[in-house]
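Each chain, written out:
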Amino acid sequence: MMSLNRSCFLGNPAIAGSSSPFSHSQKRRSASLKVVALVPKARTGDRNGSVVMESTLQEVKDESSVVELKSTVHGGVQDVYGEDTATEDQFVTPWSVSVASGYTLIRDPHHNKGLAFTEKERDAHYLRGLLPPVVISQELQVKKMINCIRQYLVPLQKYIAMMDLQGRNEKLFYKLLIDHVEELLPVVYTPTVGEACQKYGSIFTHPHGLFISLKDKGKILEVLRNWPEKNIQVIVVTDGERILGLGDLGCHGMGIPVGKLALYTALGGVRPSACLPVTIDVGTNNQKLLDDEFYIGLRQKRATGQEYAELLQEFMTAVKQNYGEKILVQFEDFANHNAFDLLAKYGTTHLVFNDDIQGTASVVLGGLIAALKLVGGSLADHRFLFLGAGEAGTGIAELIALEVSKQTNIPVEETRKNIWLVDSKGLIVSSRKESLQHFKKPWAHEHEPVKELVDAVNAIKPTVLIGTSGAGRTFTKEVVESMASLNERPIILALSNPTSQSECTAEEAYTWTQGRAIYCSGSPFPPVEYEGKVYTPGQANNAYIFPGFGLGLIMSGTIRVHDDMLLAASEALASQVSQEDYDKGLIYPPFTNIRKISAHIAAKVAAKSYELGLATRLPEPKDLEKYAESCMYSPSYRSFR
């Protein structure tokens, strides 16, 4: 006679009501039950191989399959599934019954509330004795958790603690992140996520996201269907080849999609169940990782050419087949040679967005539009010099040129001439055009060759200096002092991540310009005191743009991304900078208001989508900003019945 654990009863969540871990009709059992055991069949299209046990409240037609179970158990705990008696040579079926109740419920991160379960919920869901008797609020849980996080002195420890919380209690994780966004943003994302990716194999405990490797070729659609959530709205995908400024981290790059999607939910209000982090593992050329016993990816050199293209093609086809036309795919931290090609190839057939090219461009343009309030003039009056001509540099440059063209009605080919780029070989000029990669060629202007950055500054005389090189300390004292000698208020954006790769620090920028610089970095720097005045450096963080941008695409049912949407997002961000922010020398608003900022950006992006005829969710809501706010996920606990 089989013993039946309380947690193993009454069906699976697919039958249950959506607002409750299980349906209202599921009540405490009597002393004697009838249970139907449905065992797995050969896989002939049915992908669910788990046991489903159903209450005899439902009609049972085949009485021969009914087993009478008594509540009295004679003897000890029985090895019902034969696990203890099996030898290493015998296979054991991993039987599973999904019931959001009792022990299972407090280990389900989607429904777990920890000590916040009420007395009524503890009785209804068989939690008596599984939790200490105290009942506390979510607010007190947040207070306790932030105090715990602050006890860690090492940022990576804080990151591990946050990821552990996300795996235990999803709503508490997001509530904590939203309530303490300025403090925890550098923990769950840059700069700490960079170190987390470098050590991902060592700190790996349980998987977040979906890993797709070369081994899965021909089966990617099936792999996607293994993911438990079916209503996915946004995928963030990386192949790990160019993680931040840290290079090829292979499969360890998963930290980036996981972190980005945490921000999609916390800052943009996209439901966590609608988010899917994906890493495409095609190997790595990082020999240190290949030699690392804790590396979790394929131990081979990175696949390229046709093999790589075919895997990505299968992935993009499977994504659309599984999730539909409106699924947003955000490319993240692909190397230059793949990033531009993927965006060009799939931009006309899929809803795709590259945060390194387009997101960075939009957030920087937003900062530059806001900076005009401090330096005067229009964008057309300024001259821009970039150190770095990769995805970020050329993406920002192109969006600036598009915005100036829009404002002045001058062709974009002409507006590009006020924008100059320096790469590892020096200033990009016409004489180098034949040897340049295709995405650099539009920036090859007529000028004599210039090798050093400081000489380029003195020759071009820029009003804005932007660093996207991934190389730390390249804005030397000589370079910054040259900018200060040319401009009363030089705009200096040291955007490379993480902090160690920043072109110059906030302290260096303010000190070398006698406090006159308008400075922003990619990763956060603390306030700087110079000659008795405190300067607060801004952060040109992509988190200002992509969560709201993505929300705008999703809530309008947009099917393609258009450059005008990026311009709309930039202008929306700039409009959120207050006079109080300007008085502090800031060109970005504080992150404390980020959800309202994201709703505003989402509304402007959606409005542009409707205007361009790319939105499919009709009719268009009358008040898009209120509609955006109403669409946002709330991490507050729900009451279970």
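What counts as what
Residues numbered from 1 in each chain as written. Predicted model: local features only at pLDDT ≥ 70, side-chain atom pairs only at ≥ 80, totals over all residues. Heavy atoms only, no water. Helix = DSSP H or I, 4+ residues; strand = E, 2+ residues; numbered from the N terminus. Buried < 20%, exposed > 50% of the residue type's maximum accessible area, 1.4 Å probe, protein only. Contact = heavy atoms within 4.5 Å. Areas by Shrake-Rupley, 256 points an atom, 1.4 Å probe, with all protein chains shown as cover. Phe/Tyr/Trp six-rings, centres within 6.5 Å; stacked < 30°, edge-to-face > 60°. Lys NZ or Arg CZ within 6 Å of the ring centre and 35° of its normal. Salt bridge = Lys/Arg side-chain N within 4 Å of Asp/Glu carboxyl O. Axes fitted to C-alpha atoms, helices over the stretch in contact; angles between N-to-C directions. Parallel < 35°, antiparallel > 145°, perpendicular 65-115°, else oblique. Nonpolar A, V, L, I, M, F, W, Y, C, P; charged D, E, K, R; others polar. Pairing = 2+ DSSP bridges. Expected span 1.5 Å × (residues − 1). Polar contact = N/O pair within 3.5 Å; in protein donor to acceptor, adjacent residues only side chain to side chain. Left-handed = near helix turned anticlockwise from the far one by under 90°. Core = buried A, V, L, I, M, F, W, Y, C linked by side-chain atoms within 4.5 Å.

How would you explain the overall build of the protein if you had to name every residue and give the values?
Across its full length, the protein holds 24 helices and 17 strands. In the protein, buried positions account for 54% of the 641 residues. If you take every contact in the protein between residues at least 6 apart in sequence, the share linking residues at least 24 apart comes to 71%. By element, 51% of the accessible surface of the protein is carried by carbon and sulfur atoms, the whole surface being about 28700 Å².

Can you tell me about the packing of aromatic side chains, naming the residues and giving the values?
Here a ring pair, both rings aromatic, is described through the centre-centre distance and the interplanar angle of the planes. Throughout the structure, instances matching the rule amount to 13 aromatic pairs. Centre to centre, the rings of Y510 and Y519 are 6.0 Å apart; their planes meet at 65°, and the pair counts as edge-to-face. Accessibility classification places Y510 together with Y519 in one group, the buried group. Each ring, one from Y544 and one from F591, has its centre 4.2 Å from the other, and the planes form 20°; the classification is stacked. On the criterion of sequence distance, the pair formed by Y544 in the loop between β17 (538-539) and α20 (546-556) and F591 in the loop between α22 (579-583) and α23 (594-612) is long-range, its members being 47 residues apart. When sorted by exposure, Y544 lands in the same class as F591, which is buried. Of note, R107 hangs over the ring of Y103, and the distance from its end group to the ring centre comes to 3.8 Å. Seen from the ring of W443, R416 lies directly overhead, with NZ or CZ sitting 5.7 Å from the centre.

Pulling in residues and values, what's your account of the pattern of salt bridges?
When the charged atoms of two side chains with opposite charge come close together, those side chains can pair. Scanning all chains against the criterion turns up 27 salt bridges. K199 is paired through a salt bridge with E195; the nearest N and O atoms lie 2.8 Å apart. What you see here is one network of salt bridges that share partners, running through D239, E241, D248 and R302.

Explain the packing of helix α15 (residues 391-408) against helix α21 (residues 563-574) residue by residue, including any values.
Close contact between α15 and α21 brings their axes to 11 Å; oriented N to C, the two are set at 85°. Regarding the angle of α15 to α21, the classification is roughly perpendicular. Contacts between α15 and α21 pair L399, L402, E403 and K406 from the former with D563, L566, L567, S570 and E571 from the latter. Taken together, the residues of the contact of α15 with α21 break down into 4 nonpolar, 1 polar and 4 charged.

So what's going on with the environment of P109? Which residues, and what values?
Within the secondary structure, P109 sits in the loop between α1 (102-105) and α2 (119-124). Note: C-alpha distance between P109 and R168 (59 residues apart in sequence) is 4.6 Å. Setting aside anything within four residues of it in sequence, one finds P109 in contact with Q166, G167, R168, N169, E170 and K171.

I'd like a rundown of the pairing of strand β9 (residues 384-387), residues and numbers included.
Side-chain alternation along β9 places F384 and F386 on one buried face and L385 and L387 on a second face that is also buried. Of the pairings in the sheet, the one linking β9 to strand β12 (residues 464-467) comprises 4 bridges and is parallel in character. Counterpart to F386 in the pairing with β12 is I466.

Which residues make up helix α14 (residues 355-375), and what values go with them?
Across its 21 residues, α14 extends 28 Å between first and last C-alpha, which sits within 8% of the 30 Å expected from 1.5 Å per residue. Within α14, 18 of the 21 residues are buried, leaving the element largely enclosed by the surrounding structure. The N-cap of α14, judged by a side-chain oxygen 2.9 Å from the amide nitrogen of D356 a few residues on, is N354. Directly beyond the C-terminal end of α14, a positive phi value near 85° is found at G376.

Provide a residue-level description of the packing of α20 against α23, including the pertinent values.
Orientation of α20 relative to α23, taken along the N-to-C sense of each, is 45°, at an axis distance of 7 Å. The angle between α20 and α23 places the two elements in the oblique class. Read as a crossing pair, α20 and α23 show a hand that is right-handed. Between α20, through P547, G548, F549, L551, G552, L553, M555 and S556, and α23, the contact on the second element is made entirely by S598, I601, A602, A603, V605, A606, S609 and Y610. Looking at the contact of α20 with α23 residue by residue, the class counts come to 11 nonpolar, 5 polar and no charged.

Quick one: what's the story with unusual backbone geometry, residue by residue and with numbers?
Residue P498 is bonded to the preceding N497 through a cis peptide linkage, with omega at -10°. Along the chain, P498 turns up in the loop between β13 (491-494) and α19 (506-512). Here the bond from L618 into P619 is cis, since omega is 0°, no more than 30 degrees from zero. Relative to the assigned elements, P619 resides in the loop between α23 and α24 (624-631). Even without a glycine there, the phi angle at Y126 is positive, about 60°. Mapping Y126 onto the fold places it in the loop between α2 and α3 (138-151). The phi torsion at N409 lies on the positive side, around 65°, for a residue other than glycine. Checked against the element boundaries, N409 lands in the loop between α15 and α16 (412-415). We classify N409 as exposed; its relative accessible area is 70%.

Which residues make up the sheet that holds strand β11 (residues 426-427), and what values go with them?
Strand order in this open sheet of 7 strands is β11-β10-β9-β12-β13-β14-β17, and the pairing throughout is mixed. Each edge of the sheet is formed by a strand with only one pairing partner; in this case those strands are β11 and β17. Sheet analysis places β12 next to β13, joined by 4 bridges and oriented parallel. Residue pairing in the sheet places L465 in a bridge with I492 of β13. Contacting β9, β10 (419-423), β11 and β12, helix α17 (residues 453-460) runs over the sheet at an angle of about 170° to β9.

Quick rundown of the nonpolar core? Include the residues and the values.
Within the largest apolar cluster, 122 residues are counted, with the highest numbers of intra-cluster contacts made by L368 and F549. In this structure F549 touches F353, V561, M565, L566, A569, I601 and V605, once residues within four positions along its chain are discounted. Counting 37 residues, the second-largest nonpolar core is a separate cluster that includes L210, L221, V282 and L311.

Requested: an account of the side chain of R122, with residues and values cited.
As for its position among the elements, R122 is in helix α2. Within the structure, R122 has its side chain in polar contact with the backbone oxygen of F117 (distance 2.9 Å). A polar side-chain atom of R122 sits 2.8 Å from the main-chain carbonyl oxygen of V134. Setting aside its immediate chain neighbours within four residues, R122 contacts L115, F117, L127, R128, L131, P132, P133, V134 and V135.

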